[in-house]
Each structure stands twice: as structure tokens, then as C-alpha cells.
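# Residue-level structure breakdown
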Amino acid sequence: MKVILGTDSLQAPLTGIGRYTAVLAGGLLQSQSVGELLGYNVGRLGDVSGQLEALAGESTVAQSRRLAVRRRAAGSIVLTRLYEHYVQLFSGIPLRRHADAVFHSPNFHLPHHPGPTVVTVHDLSFRLFPDCHPAARVGWMNRMVPLALRDSDHVICVSESTRTDVLREYGVERERTSVIPLGVDPLYRPRPAESVAAVLSARGLAYRQYLLCVATLEPRKNLEALLDAYLDLPALTRRHTPLVLVGAVGWHCEALLDRLREVAGSGEVVHLGYLPEPELAALYSGALCFVYPSRYEGFGLPVLEAQASGVPVISSAVSSIPEVASEQSLLVQPDDVDALREQLRRALEDAQWRDRCIDAGLSRAAQFSWQRCVAQTIEVYHRVSAD
């Protein structure tokens, strides 16, 4: 079987979609079912393995600069409209001679392809929460996603919640959809204190003595509510158990950044920005509790990573998160700051709950596998090829 994989999201530093694409690419390269794999990036066909190698070799500084450029481009109405016209008019030209290949876009939109096509939809936040995104991105997605859903032979959704949204919002036939959950990298696992001591010490942190949230600074992640709940805890508690935020600066977050600057000197709230995965994995495993009060998630990969790292979870009782979180996780409504504060208090005080949640989270995380995700995706390729 011949496969062409959209690789436009394989740009360091990898976002959630980029990580999904990278795992798919690696799995397809190793699969005996795939005789030939080509990458497709902005109208160019190329070698997927070379693109993966280039990703691994880029420095963290270069990654951060690249991310800033991508954020600015995504926020430009002019650039997004130009790219949209290019996709619609010219992007399919290199694909004309590859009608024998299955084309899979892991990133919402499809170029014109004469053969069978698959598209992955990760969430519909651009449609359900448009105020949480730059206007240029919302416009792009609102124009391109309906076309992709209309033209694709099959739609992969990363959760049942996302499939429900797709069926409701766009009327896609259910039989043309599949739910294929994401997986978790073995890098995310429980680690003893001595194995992460150097990483934590460099950040001024102590093992099991901080709360952790991993999220881009943007409105959908609901970090303002997290700050409200955390800063309402007793001052002594905050001094002994800081809140650590890990994630790049996103969009519509000026007020949040102002608040973070106000509390930066206290040591109670620490924003570390984007971190490489090895350091991130160490921070996960060293946390007392992981907190993720997002308003909406297509899957909620950070919740899965925290559970696999042996960390108890507080998150939101909305969208896909209940599909990923264990039965012992503390789930609250995103706008209920009082409930979130009380669950933070419980996480700090209730060691028995933390132990139960760790055990349940590890069992839940074991049910998600990138190998299974790749295998089920290949099954979809076979299905659309046979139609």
C-alpha cells in the first residue's frame, strides 16, 4: 500500500498535532503494510524519514523562534487567506500522478487528491469557542474544515466527544467516521525522586512539592480560573506548594501575562514556558498533582501524560476529558472556581486519594497506546483503498 502523509505540522517545536503526525510517520515507516510512504508539505512531496531527522536535530532556541513565527503567521488574515488560495488552486498539482496512494491529512484540511483520502479532526474548538482563537485562524478553519469533511472518504476523530461534535455540527455520515484515540509516549512514566532531582533543582522545585499545569497560554485552557482558585488557598500553602505552568505563550493572553508578572516575585506561581520533552517528562513525574481546568478538549493528551507519569489529576468534567481521565480523577465544571479551589485543597491534604488516583491513572493510561493508534489508522487506509 502506498501512503502520502500530510507533514505540514512536523515543525519544531511540535504541537499536539505535530506530535500525533510524528508518531504516525514513525509507525508507518516501520509498518510492513505500507510499501511506500511519502510526505506532503506545502505542495511538495518528500522523504518522511529525512523530515523526522531534521526535527530531532533542531535546537531549542531555534524551535522557540520558529514557534513565534508560526503564531504570528496564524494570526495574520492576509497570510492565511493567501495560503488558503494556494491550497485550493495549486496544492493538488504534485498529487496528480499519485492516484494509487491513500492521502492522509492529520491536520484538518485536505489538498485536492485524485485517490482515496482520510482526514483527522482533533477538535472543533474553532467553531464551538471561536473567541478563544485568533480571528484569522477561525476564518481559515471555518472555510477549510467543511471542505475536508465533505471531500474525504473517511474522517478519523481522536475521541468520541469529537466525533459527536463533528456529526452534530457538520452532518457527516457516522459510517464515514472512526474514533481512534491517541497514545502516550513511554517517556512519560513514574520516576523516583533521585532520577529527576537535577531537573527539579535547576528550576528551584522539590519532588512532590508543586502543582503542575501543562498548557499553552490561551483562553480555552482556562488558566485565569486556575489562578483564581490557587491564589485563594492559604498563603502558607502557596509558599510550600507553588503552581508551575509549562507552556508557550499563545494568543489572547495579555491579561493572564499581566497577572503572572504580578506574582512572579512571590515564587508561588512559576511560568516556565515551552520545555523539551525530556525535561517536561521529569516535571510531570515530580509533581504532587496535575491540574488541567480546560474549557474544551478534543482529546486531552496532557491528562493522559500525567496519569502515565504516576501523578493524580484534577481536570474538567467536559468534552473528551472524562474519556481519558480515570474514575478517581477529580473533575469539576470549568467555571466553578470554588469547586476547583476545594479540589486543590483536597489534593494537597488527602494522601489516600492521591494514592488511589495514581493507581487508577496508571491503569487508565495503560489502555492507550500509540502502537494501537497507528494500527487502527492503517486499518482505515485499507478500508478506503478497498472502497
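Residues numbered from 1 in each chain as written. Predicted model: local features only at pLDDT ≥ 70, side-chain atom pairs only at ≥ 80, totals over all residues. Heavy atoms only, no water.

## Some details on the sheet that holds strand β1 (residues 2-6)
Judged by pairing direction, the sheet is mixed, and its seven strands sit side by side in the order β3-β2-β1-β4-β5-β6-β7 without closing on themselves. The open sheet terminates on both sides in strands that have one partner only, identified here as β3 (44-46) and β7 (177-179). Going across the sheet, the axis of each strand differs from the next one's by a mean of 25°, ignoring polarity. Where strand β2 (residues 36-41) and β3 come together, three bridges link them in antiparallel fashion. Considered in β3, the bridge of Y40 is made with L45. (Pairing = 2+ DSSP bridges. Helix = DSSP H or I, 4+ residues; strand = E, 2+ residues; numbered from the N terminus. Axes fitted to C-alpha atoms, helices over the stretch in contact; angles between N-to-C directions.)

## Some details on the pairing of strand β12 (residues 313-316)
In regular strands, side chains alternate between the two faces of the sheet. Inspection of the sheet shows strand β11 (residues 289-292) paired to β12 by three bridges, in the parallel sense. The residue bridging F290 from the neighbouring strand is V313, located in β12. Considered for its hand, the β-α-β crossover made up of β11, helix α13 (residues 301-308) and β12 is right-handed. Two elements, β12 and strand β13 (residues 330-332), share three bridges in a ladder whose sense is parallel. By the bridge assignment, I314 is partnered in β13 with L330. (Right-handed = clockwise from strand over helix to strand, strands pointing away.)

## Some points on the packing of aromatic side chains
Within this structure, the stated rule accounts for eight aromatic pairs. With 6.4 Å between their ring centres and 90° between their planes, F108 and F126 make a pair best called edge-to-face. Of this pair, F108 sits in the loop between β4 (102-105) and β5 (117-121) while F126 sits in helix α5 (residues 125-128), placing them 18 residues apart in sequence. Looking at F126, the relative accessible area reads 2%, which means it is buried. Each ring, one from F290 and one from Y292, has its centre 5.8 Å from the other, and the planes form 20°; the classification is stacked. (Phe/Tyr/Trp six-rings, centres within 6.5 Å; stacked < 30°, edge-to-face > 60°. Buried < 20%, exposed > 50% of the residue type's maximum accessible area, 1.4 Å probe, protein only.)

## What about the pattern of salt bridges?
If charged atoms from side chains of opposite charge come close, those side chains can pair. Tallied over the full model, the rule gives 24 salt bridges. Across the salt bridge formed by R174 and E160, the nearest N and O atoms sit 3.5 Å from each other. Of this pair, R174 sits in the loop between α7 (160-170) and β7 while E160 sits in helix α7, and the two are 14 residues apart along the sequence. Note that D335 is salt-bridged to R295, the shortest N-O span being 2.4 Å. (Salt bridge = Lys/Arg side-chain N within 4 Å of Asp/Glu carboxyl O.)

## As for the packing of helix α1 (residues 16-30) against helix α2 (residues 48-56)
Running from N to C, α1 and α2 cross one another at 135°; their axes reach a closest spacing of 10 Å. Regarding the angle of α1 to α2, the classification is oblique. Handedness of the crossing formed by α1 with α2: left-handed. Across the interface between the two elements, A22, A25, G26 and L29 of α1 pack against V48, S49 and L52 of α2. In the contact of α1 with α2, the residues fall into five nonpolar, two polar and no charged. (Parallel < 35°, antiparallel > 145°, perpendicular 65-115°, else oblique. Left-handed = near helix turned anticlockwise from the far one by under 90°. Contact = heavy atoms within 4.5 Å. Nonpolar A, V, L, I, M, F, W, Y, C, P; charged D, E, K, R; others polar.)

## Regarding the pairing of β1
Among the five residues that make up β1, five are buried, leaving the element largely enclosed by the rest of the structure. Burial along β1 is two-sided: the face carrying K2, I4 and G6 and the face carrying V3 and L5 are both buried. Of the strand pairs in this sheet, β1 and β2 are connected by five bridges, and their pairing is parallel. Bridge pairing in β2 places K2 opposite E36. On the question of chirality, the crossover connecting β1 to the parallel β2 by way of α1 is right-handed.

Geometric values such as these leave the question of function open.
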